[in-house]
Amino acid sequence: MGSKQEEGIELAHKQDGPTQACENLSRHWTHWDEETLGAQRNDGATASRSNCVGDSPKFKNEKEEVQDNVPVDISEDIVGFTGLANSMFLCIMFELNVKEWSRVFFHITDTSKFGMPPKMSQVIDKCNRFSWIYFLYCCTGIIIYGIINIVDPGSQQEISLSLCLAVGYNIHRACLNSKVFCSVSYVPPSATLTYIIWEAGELIIAKIHHLKQLFESALDNDKLEIRRARLRFCIQYHQDIISTIEELNGAARKVCGQLSFVASIVFSCIGTQMLKEYSIHPMLHLIGYAMAVFLVCQNGQKIRDQTYDIQDAVYKARWYDNITSTTKDSQLIMLRCQKPLCMDAIPFGIFNFSLLLVIIKTSYSYLTLINKTS
């Protein structure tokens with residue numbers, strides 16, 4: 001820098017006078033400063049680009065690996081996104097239909113019109129015990145799941161190599177924190193919603209058992225007016241149970257009807273994750289999700305069986321010893337029970353053990369397909 005300035009001064013003095021030399025020297029310095037600053041800016045921009053993640057050696061290596069068709073395991077990402085999205089969907093739909101659920105809870109717990117079922121208190125105690133066990137498992141499991149994701153060295157890798165390459169920088173920490181936060185916030189409430197459906201079904205089944213007892217003893221009296229009054233009471237009770245189950249079915253279909261096809265995707269991805277890494281958090285996730293699906297399917301199966309078995313209680317009554325009017329009423333009740341009530345799934349089918357078997361088979365098919373293509 002100093003040599004260039006001295007040469008410029010000597011050249012200016014030789015060619016022009018002192019005043020003209022100062023003017024030429026000022027123009028020379030200005031031109032030289034502009035060139036120097038432009039070069040510095042270019043060097044700074046080049047250095048910034050070289051320091052960014054896109055040009056970092058690690059990013060280049062990962063990009064070359066993807067270009068070389070190195071397989072990237074995104075099964076955990078699919079499980080996280082699908083499972084958390086489904087949990088959020090459950091909570092949002094429950095919040096949007098909270099008034100409908102309030103009506104369902106009120107009708108299920110209302111015993112002022114038809115009396116308290118004999119086994120209702122026992123069923124409530126059993127449901128309360130199971131609810132505490134289920135909720136504690138969900139809370140404990142999700143805490144262990146979050147701790148393992150943070151502490152486990154294998155989980156310190158990028159959430160998804162393809163996602164990081166698409167975004168252009170390492171988003172592991174932000175994704176991991178968001179994943180843990182969403183899991184703690186949404187998974188226990190969504191699991192509780194599936195348990196609420198099962199608990200509502202158990203309370204309805206207690207009412208069905210009460211109705212069966214009333215049907216069996218409805219025609220034992222010798223007076224015709226009493227027999228008709230009892231049978232009328234049983235028919236009204238039956239209609240009330242049917243309307244309550246239909247309300248529960250409508251509310252549950254909006255909240256967890258999609259489990260019929262979401263569960264297969266989640267189960268297959270969790271199975272793939274379990275085959276590729278030795279960790280406890282896929283097992284915790286699988287047990288919790290399988291328990292939620294089992295509760296919904298068992299609830300639908302028990303409601304279907306119990307509503308169908310009401311006709312057996314009607315048949316056990318002494319309808320054959322009564323007059324034609326009560327006999328016809330009994331026959332109509334048995335015909336109505338030929339079409340049992342069910343819990344509908346989305347987009348088609350009903351929740352029962354047959355659907356649970358289909359979910360398991362579909363999950364296994366997806367699992368084998370993923371392992372063959374990976």
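Please read these numbers as outputs of a predicted model, since none were measured by experiment. (Residues numbered from 1 in each chain as written. Predicted model: local features only at pLDDT ≥ 70, side-chain atom pairs only at ≥ 80, totals over all residues. Heavy atoms only, no water.)

Here's the deal with unusual backbone geometry
Cis rather than trans, the peptide bond between isoleucine 346 and proline 347 has omega equal to 5°. The residue proline 347 is located in the loop between α13 (324-336) and α14 (353-373) in this model. (Helix = DSSP H or I, 4+ residues; strand = E, 2+ residues; numbered from the N terminus.)

Examining the nonpolar core
Core analysis: the biggest nonpolar cluster contains 65 residues, and Trp101, Phe215, Leu248, Cys256, Tyr289, Val293 and Phe351 have the highest contact counts within it. Each residue touching tyrosine 289, except ones within four places of it in the same chain, is listed here: Gly83, Asn86, Leu259, Val262, Ala263, Val266 and Phe267. (Core = buried A, V, L, I, M, F, W, Y, C linked by side-chain atoms within 4.5 Å. Buried < 20%, exposed > 50% of the residue type's maximum accessible area, 1.4 Å probe, protein only. Contact = heavy atoms within 4.5 Å.)

Some details on the side chain of glutamate 100
Position of glutamate 100 relative to the elements: it lies in helix α5 (residues 98-109). Judged by its relative accessible area of 17%, glutamate 100 is buried. One polar contact links glutamate 100 to lysine 254, side chain to side chain, over a distance of 3.1 Å. (Polar contact = N/O pair within 3.5 Å; in protein donor to acceptor, adjacent residues only side chain to side chain.)

A look at α5
The first and last C-alpha atoms of α5 sit 16 Å apart over 12 residues, in line with the 16 Å expected at 1.5 Å per residue. Residues of α5 that are buried include every one of Glu100, Trp101, Val104 and Ile108, and no others. What you see down the axis of α5 is that its buried residues fit within an arc of 95°, all on one side. Exposed residues pointing more than 90 degrees away from the buried face of α5 are listed as Lys99, Phe106 and Thr109. (Expected span 1.5 Å × (residues − 1). Arc of directions from axis to C-beta.)

Let's talk about the environment of histidine 107
Relative to the elements of secondary structure, histidine 107 occurs in helix α5. Histidine 107 gets classed as partly exposed once you look at its relative accessible area, which sits at 27%. A C-alpha to C-alpha distance of 9.2 Å links histidine 107 and glutamate 247, two positions 140 residues apart in sequence. Ignoring sequence-local partners within four residues, the contact set of histidine 107 consists of Lys207, Thr244 and Glu247.

What about the packing of helix α10 (residues 259-276) against helix α11 (residues 281-308)?
Their axes nearest at 10 Å, the elements α10 and α11 cross at an angle of 160°. Viewed along their axes, α10 and α11 adopt a mutual orientation that is roughly antiparallel. Considering only the axes of α10 and α11, their crossing is left-handed. Between α10, through Leu259, Val262, Ala263, Val266, Phe267, Ile270, Gln273 and Met274, and α11, the contact on the second element is made entirely by His281, Pro282, Met283, His285, Leu286, Tyr289, Ala290, Val293 and Val296. Here the residues of the contact of α10 with α11 sort into 14 nonpolar, three polar and no charged. (Axes fitted to C-alpha atoms, helices over the stretch in contact; angles between N-to-C directions. Parallel < 35°, antiparallel > 145°, perpendicular 65-115°, else oblique. Left-handed = near helix turned anticlockwise from the far one by under 90°. Nonpolar A, V, L, I, M, F, W, Y, C, P; charged D, E, K, R; others polar.)

Brief notes about α10
For α10, with 18 residues, the first-to-last C-alpha span of 25 Å sits near the 26 Å given by 1.5 Å per residue. With 13 of its 18 residues buried, α10 lies for the most part within the structure.

Comments concerning the packing of α11 against α14
Direction vectors running N to C along α11 and α14 enclose 150°, while the axes themselves pass 8 Å from each other. On the basis of their axis angle, the class for α11 and α14 is roughly antiparallel. Where α11 abuts α14, its residues Val293, Phe294, Cys297, Gln298 and Gln301 lie against Phe353, Leu356 and Ile359. Looking at the contact of α11 with α14 residue by residue, the class counts come to six nonpolar, two polar and no charged.

A few points about a nonpolar patch on the surface
A contiguous nonpolar patch, built from Ile144, Ile280, Met283 and Ile287 and spanning about 310 Å² of accessible area, is present on the exposed surface. Relative to the elements of secondary structure, methionine 283 occurs in helix α11. Here methionine 283 falls in the partly exposed class, since its relative accessible area comes to 35%. (Patch = residues over 30% accessible without salt bridge, like charges linked within 9 Å, V, L, I, M, F, W, Y side chains within 5 Å. Areas by Shrake-Rupley, 256 points an atom, 1.4 Å probe, with all protein chains shown as cover. Salt bridge = Lys/Arg side-chain N within 4 Å of Asp/Glu carboxyl O.)

Structural notes on the confidence of the model for the protein chain
This prediction gives the protein chain a mean pLDDT of 75; 66% of its residues lie at or above 70. Per-element averaging of pLDDT across the protein chain places helix α7 (residues 161-167) at the bottom with 43 and α5 at the top with 92. Considering only residues more than four positions removed or in separate chains, one finds that residues 11-19, a stretch of pLDDT under 50, has four contacts. Residue range residues 65-70 is modelled with pLDDT below 50. Its contacts to residues more than four positions away, or to other chains, number four contacts. (pLDDT = per-residue confidence, 0-100.)

Details of the pattern of salt bridges
Oppositely charged side chains can pair when the atoms bearing their charge come close. All told, the structure shown has four salt bridges when counted by the stated rule. Linking glutamate 202 and lysine 126 is a salt bridge whose minimum nitrogen-to-oxygen distance equals 3.3 Å. Taken together, the residues span a long stretch of sequence, with glutamate 202 in helix α8 (residues 172-216) and lysine 126 in helix α6 (residues 120-151) at a distance of 76 residues. What makes glutamate 202 buried here is its relative accessible area of 5%. Between arginine 253 and aspartate 344 there is a salt bridge, with its nearest N and O atoms 3.5 Å apart. Residue arginine 253 is found in helix α9 (residues 224-256), and its partner aspartate 344 is found in the loop between α13 and α14; the two are separated by 91 residues along the sequence. Residue classification places arginine 253 among the partly exposed residues on the basis of a relative accessible area of 29%.

With respect to the packing of aromatic side chains
One pass over the full model with this rule turns up 10 aromatic pairs. Relative to tyrosine 195, the ring of tyrosine 134 lies with its centre 5.7 Å away and its plane at 25°, an arrangement referred to as stacked. Taken together, the positions of tyrosine 134 in helix α6 and tyrosine 195 in helix α8 put the pair 61 residues apart, joining distant regions of the chain. In this pair, the class of tyrosine 134 matches that of tyrosine 195, namely buried. Relative to tryptophan 198, the ring of tyrosine 195 lies with its centre 5.4 Å away and its plane at 40°, an arrangement referred to as tilted. Linking tyrosine 195 with tryptophan 198, this pair stays in helix α8, spanning three residues, or about one helical turn. Tryptophan 198 carries the same exposure label as tyrosine 195, and that label is buried. Through a chain of ring-to-ring contacts, three or more aromatic side chains come together here, namely Phe130, Tyr134, Tyr195 and Trp198. (Phe/Tyr/Trp six-rings, centres within 6.5 Å; stacked < 30°, edge-to-face > 60°.)

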